[in-house]
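# Commentary on secondary and tertiary structure
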Amino acid sequence: MFLNYAKRYTDLPFLILLDEAKEGYQAGRFLRETDLGLESEHGEWKTCLIDEKTDRIITPNGTIGQRWAKNEKWNLSLENEDGTEIAPKLSLKEEGHVEKIVFPFFDELGNGTFSRHIPVRKITLHDGSERLVATVFDIMLSQYGISAAEGDTLSAKSFDDETSPYTPAWQEKITGVKASIVTQVAREFAQNAIDTKGCSMIIMGAGINHWFNSDTIYRSILNLVILTASQGVNGGGWAHYVGQEKCRPIEGWQTVAFAKDWQGAVRQQNGTSFWYFATDQWKYEEMEHSALQSPLSKDLRYKHPADYNVLAARLGWLPSFPQFDKSSLSYGEKAPEKTNEELIQELVKDLISGETKFAIEDPDNPDNFPRGLFVWRSNLMSSSSKGQEYFMKHLLGTTDNLLSKPNDEFRPEEMVWRDEEVRGKLDLLVTLDFRMTATPMYSDVVLPAATWYEKTDLSSTDMHPFVHPFNPAINPLWESKSDWNIFKDLAQVFSKMARHIFDKPERDIVMLPLGHDSEKEIAQPYGEIKDWKKGEIEAIPGKTMPIFQVVERDYTQVFDKFISLGPNVSSGLVGAHGTQFSVAPEYEEIKQMNGTYLDDTIKSGKPIIKDERQVADAILRISSATNGKVAVRAWESAEETTGVALTDLAKDREAEKITFQSITVQPREVIPTPVFTGSNTNGKRYSPFTTNIERLVPFRTLTGRQQFYIDHELFLQYGEALPIYKPTLPPQVFAKRDDVKKEASENTLTLRYLTPHGKWNIHSMYQDNQHMLTLFRGGPNVWLSDEDAQASGIKDNDWLEVYNRNGVVTARAVVSHRIPKGTMFMYHAQDKHVNVPGSVLTGNRGGSHNSPTKIHVKPTQMVGGYAQLSYGFNYYGPIGNQRDLYVNVRKLEEVNWLED
């Protein structure tokens, strides 16, 4: 069971080129068709394995090279073109050729290497050179210490060999979990998978995302469910709940939300990178990334993580806004006679010469400030602002509790360093939210938003099988309005103002990343980093640099476009995650359902979406999860791509049309759709990746399989080709340059600081209502162990000052034996506006749970243009982790409420 699963659905049989190392070999990149001199379309993206039946090196179907090749069906069928069966070879052990391979290891005491033996095969490449190759399976077993041959002296002696990395006994020294328990759980997990045919599941939450090395932790979890053939099985696999859900009727939602019905080229930014630069957290870095690299790699390109984000913007890996150090409208304004292509050519020429620069290269230049910010349904200035005090100081320019100083001894190479301090980049902060949160306290304008029970809306995620309605139980109170009506009114006023500013439509150059599920995800082959700015490769938009698109914008027509469904819905394709299809018939149905405008404006003849219910019905009608005919059409499109039977998954629900009225009567279960990876056909519960396993639809990765191995240059440099143990970042409370007065105290504790999900609030809101406050201490609180408290003379309910270089929290102590010694909890979403006393260190009121936190960005999470490592909105990019940090804790001898 496990072996058959591994051969068909994972990259374990695929071959890796071994590179020479000082003491043997080290794992390199995947072997490709081009290495063997085979000529085919996208051969550099077609990875290879050995067919046991013929002993030949071949490329099976399903790789990303086949995905984007013309006239090739893309599926996981293990057959050659002549119909003969392929039998992927997992291991080369029986061939008897063994070499020494070296792996990196990382721990708190320093990084190093260890050696193993590995089965290999020698092959001749197209250029005549001889190279060794090994399978991913053999590399992984070798890393874990499994014997490669009889009498292997470099393998682990047993599970109890604590000197051998990755044994149960070795991990016990790090985690404290007994080796016997690890072995027992592993065997039971695997046996359960055998007994239930894959129904072994790991449920995980958001906490993993809060660690710097969260990606390696994620991959380790995936290892377990993939090795036990559990992923893609109903009742098995990896189940996550991390607050990053996707909208189920995604095609309709994103069409309306991002104005794709009228125009393309949407500006979407990964939040972590945006705030890292907008709040100047990049200037406070203390850790050189050379300390994190693999001992087997050559020198890193950069020591500063901010440089990698600049590189990511320059090469098209990540979006970056603001875009340039000049207006994106300026090229069209100064050269109205030029074509769109000529404008792009002019921009590229200026970027190469340096005449135009990326704004990310100089975020403290006033020309590059984010001047206006609308915060919609997000408690940005408390619950979401990792590094809250940096937000206070550099973004808002208000009172802050920041205790750190910029590190001018550690400057990025690719950025302008300005010595002058920037306090307050924003000119306007507008909040649109019905929740009682901290953000409106700092806002210039607070718009009165309707609550759930005062408006018409939709609720759905990819993890819940039903579409639910919001229907108003009462009218919005006082001046409150629904989100849709607020933005509609803003659009109307904006359009009127635009008539006095713009005398004609403007041409806007929009910079886009090399997106996942588009052919741009195979823009940069072999995982090699080549920088056009350094002359390593030619600057080519959409390949070695970002995509540039010119969009004509008539700002006077924003309102008319807002309240009508645009013609792109009829003339173009909608879809998501690489599946595209027409909804032209549904566009005509929406005209009949909602009516059309009949006037002399651009909206004439277009469907009306003036109110929320009309919008909801339009979204439901053009989404494959809520319209049976569209679902079947979407599956037909997927069938055409893959060549496997799929339409039957939705055929029995083809006549269904989920409308707002029907879900008001009763919530309706969504229709199976190829834009998500699971299927709820025939009463099954939705489980991700079941379509991949049951119907041989490839995974959207380099190999088309679930990947244990990642061969991008940056992953190899950081030693993360395979999931690997990496310790947390080194503990630091203050840096040598931080000038902290009144800090010394003999009873000061130093503890790890964690911010788990909120405990006494309603999700991430309403911590300050009377019901929630009455349930516990009536204000901010932190948890620490009884042992730590006793050692520092802290009693339950004492007021504490919790601080590090990032900021200060004042909160009451909750002393508990349930908290591990050396660790402190502050449950998140505790806003700072209820019962918060002053800080001795700063003289200001203490902050929120995010005051001691700071963003740390990891370069491996910035990679783009490389198969599954490509940017996708709300899918892939740097995580704003905040758990690799420590705080000092001491008792407040005097509680000052700052009321004088």
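Residues numbered from 1 in each chain as written. Predicted model: local features only at pLDDT ≥ 70, side-chain atom pairs only at ≥ 80, totals over all residues. Heavy atoms only, no water.

## A short note on the overall build of the protein
Within the protein one finds 25 helices and 26 strands. Projected onto the principal axes, the alpha-carbon positions of the protein cover approximately 80 × 75 × 60 Å. Sorting the 900 residues of the protein into buried and exposed places 58% on the buried side. Long-range pairs, those at least 24 residues apart, make up 72% of the contacts in the protein with a sequence separation of at least 6. Total accessible area computed for the protein in this model is approximately 37,700 Å², and 51% of it derives from carbon and sulfur atoms. For the protein, the centre of its 99 positive side-chain charges and the centre of its 123 negative side-chain charges are spaced 2 Å apart. (Helix = DSSP H or I, 4+ residues; strand = E, 2+ residues; numbered from the N terminus. Buried < 20%, exposed > 50% of the residue type's maximum accessible area, 1.4 Å probe, protein only. Contact = heavy atoms within 4.5 Å. Areas by Shrake-Rupley, 256 points an atom, 1.4 Å probe, with all protein chains shown as cover. Lys, Arg positive; Asp, Glu negative; His and termini not counted. Charge placed at Lys NZ, Arg CZ, Asp CG, Glu CD.)

## Considerations on the side chain of E506
Residue position: E506 is located in strand 16 (residues 506–512). Discounting residues that sit within four places of it in the chain, E506 has contacts with L329, E333, V551, E552, R553 and Y555.

## As for empty space enclosed by the protein
In the structure shown here, the tally under the stated rule is 3 cavities of 30 Å³ or more. What the largest cavity holds in volume is close to 160 Å³. Lining the largest cavity are 16 residues, and of these F274, F277, F321, P322 and I360 sit closest to its centre. The element best represented in the lining of the largest cavity is helix 8 (residues 271–278), accounting for 4 residues. Residue composition of the lining of the largest cavity, by class: 10 nonpolar, 5 polar and 1 charged. By volume, the second largest cavity amounts to about 130 Å³. Taken together, 15 residues line the second largest cavity, and the ones lying closest to its centre are W760, Q767, G779, N781 and Q830. (1 Å grid on protein atoms, 1.4 Å probe; cavity = no way out; pocket = protein on both sides within 12 Å on 5 of 7 lines; lining within 4 Å. Points joined across faces, edges and corners; volume = space filled by probe spheres on them. Nonpolar A, V, L, I, M, F, W, Y, C, P; charged D, E, K, R; others polar.)

## Let's talk about the pattern of salt bridges
Within this structure, the stated rule accounts for 62 salt bridges. Notably, a salt bridge pairs K533 with E361, separated by 3.7 Å at the nearest N-O pair. Of this pair, K533 sits in the loop between strand 16 and strand 17 (547–553) while E361 sits in the loop between helix 11 (340–353) and strand 11 (372–376), placing them 172 residues apart in sequence. With relative accessibility at 43%, the residue K533 sits in the partly exposed group. Note on E361: relative accessible area 8%, which makes it buried. (Salt bridge = Lys/Arg side-chain N within 4 Å of Asp/Glu carboxyl O.)

## Considerations on the packing of helix 17 (residues 584–594) against helix 18 (residues 612–621)
At their nearest, the axes of helix 17 and helix 18 sit 10 Å apart, and the two run at 155 degrees to each other. It follows from the interaxial angle that helix 17 and helix 18 lie roughly antiparallel. Between helix 17 and helix 18 the crossing geometry is right-handed. When helix 17 is examined against helix 18, the residues E586, E589, I590, M593 and N594 are found in contact with a partner set consisting of Q614, D617, A618 and R621. Counted by class, the contact of helix 17 with helix 18 contains 3 nonpolar, 2 polar and 4 charged residues. (Axes fitted to C-alpha atoms, helices over the stretch in contact; angles between N-to-C directions. Parallel < 35°, antiparallel > 145°, perpendicular 65-115°, else oblique. Left-handed = near helix turned anticlockwise from the far one by under 90°.)

## Description of unusual backbone geometry
For the bond running from F321 to P322, omega is -5 degrees, close enough to zero to count as cis. Considering the arrangement of structural elements, one finds P322 in the loop between helix 9 (305–314) and helix 10 (330–334). Of note in the backbone geometry, N682 takes a positive phi value of approximately 60 degrees without being a glycine. Residue position: N682 is located in the loop between strand 20 (668–669) and helix 22 (690–695). Taking relative accessible area as the criterion, N682 reaches 69% and is therefore assigned exposed.

## Re the sheet that holds strand 21 (residues 749–754)
Strand order in the closed barrel formed by 6 strands is 21-25-22-24-23-26, and the pairing between neighbours is mixed. The mean angle between the axes of side-by-side strands here comes to 45 degrees, regardless of whether they run parallel or antiparallel. Bridging between strand 23 (residues 799–804) and strand 26 (residues 886–891) involves 4 bridges; their strand directions are antiparallel. In the strand pairing of strand 26, L800 is matched with K891. (Pairing = 2+ DSSP bridges.)

## Overview of the pairing of strand 15 (residues 466–470)
Of the two faces of strand 15, the one holding V467 and P469 is buried and the one holding F466, H468 and F470 is not buried anywhere. The pairing of strand 14 (residues 457–459) with strand 15 spans 3 bridges and is classified as antiparallel. Opposite L458, over in strand 15, you have P469 as the bridge partner. The loop that links strand 14 with its antiparallel partner strand 15 comprises 6 residues. Sheet analysis places strand 15 next to strand 20, joined by 2 bridges and oriented antiparallel. Paired with F466 across the bridge in strand 20 is E669.

## Some details on the nonpolar core
I139, W275 and F548 are the most contacted members of the largest nonpolar core, which totals 115 residues. When residues in this core are grouped by element, the largest group, 6 residues, is from helix 9. If sequence neighbours within four positions are ignored, W275 has contacts with Q281, L373, L380, F391, L395 and I855. Grouped together as the second largest cluster of nonpolar side chains are 29 residues, L458, V467, A618 and I658 included. (Core = buried A, V, L, I, M, F, W, Y, C linked by side-chain atoms within 4.5 Å.)

## Notes on the packing of helix 8 against helix 9
In contact at an axis separation of 12 Å, helix 8 and helix 9 are set at 120 degrees when each is read in the N-to-C sense. Taken together, the axes of helix 8 and helix 9 are oblique relative to one another. The chirality of how helix 8 crosses helix 9 is left-handed. Counted together, S273, Y276 and F277 of helix 8 and P305, A306 and N309 of helix 9 form the full contact between these two elements.

## Topic: the environment of G235
Looking at where G235 falls in the secondary structure, it is placed in the loop between helix 6 (214–227) and strand 10 (237–241). G235 gets classed as partly exposed once you look at its relative accessible area, which sits at 41%. Taking the C-alpha atoms as reference, G235 lies 7.0 Å from S200; in sequence the two are 35 residues apart. Aside from chain neighbours lying at most four places away, what touches G235 is C199, S200, M201 and S687.

## Focus: the environment of I344
Relative to the assigned elements, I344 resides in helix 11. Given a relative accessible area of 10%, I344 falls into the buried group. For I344, the residues in contact, after removing those within four places along its chain, are F548, Q549 and V550.

## Here's the deal with the sheet that holds strand 13 (residues 445–448)
The strands that make up a sheet pair up through hydrogen bonds in the backbone, lying either parallel or antiparallel. Here 3 strands make up an open sheet; going across it, the order is 11-12-13 and the pairing parallel. Lying at the two open borders of the sheet, with one neighbouring strand each, are strand 11 and strand 13. In this sheet, adjacent strand axes meet at a mean angle of 15 degrees when their direction is disregarded. Strand direction decides the pairing type here: strand 12 (residues 428–433) and strand 13, joined by 4 bridges, are parallel.

## Structural notes on the packing of aromatic side chains
Under the defined criterion, the tally for this structure stands at 34 aromatic pairs. Both rings, one in F502 and one in Y555, keep their centres 4.7 Å apart while their planes meet at 35 degrees; by these two values the pair is tilted. Taken as a pair, F502 in the loop between helix 14 (483–498) and strand 16 and Y555 in the loop between strand 17 and helix 15 (558–562) lie far apart in primary sequence, 53 residues in all. Arranged with centres 5.9 Å apart and planes meeting at 90 degrees, the rings of W783 and Y827 form a pair that is edge-to-face. Of this pair, W783 sits in strand 22 (residues 781–785) while Y827 sits in the loop between strand 25 (823–825) and strand 26; the two residues are 44 residues apart in sequence, bridging distant segments of the chain. Under the relative-accessibility criterion, W783 is labelled buried at 5%. (Phe/Tyr/Trp six-rings, centres within 6.5 Å; stacked < 30°, edge-to-face > 60°.)

## Describing helix 4 (residues 168–175)
Those residues of helix 4 lying buried are P168, A169, W170 and Q171. As for helix 4, its buried residues are in contact with helix 5 (179–196).

## Side note on a nonpolar patch on the surface
Nonpolar side chains collect at one region of the surface, where F374, L428, V445 and L490 lie side by side and expose about 310 Å² of accessible area between them. Inspection of the secondary structure assignment puts F374 in strand 11. (Patch = residues over 30% accessible without salt bridge, like charges linked within 9 Å, V, L, I, M, F, W, Y side chains within 5 Å.)

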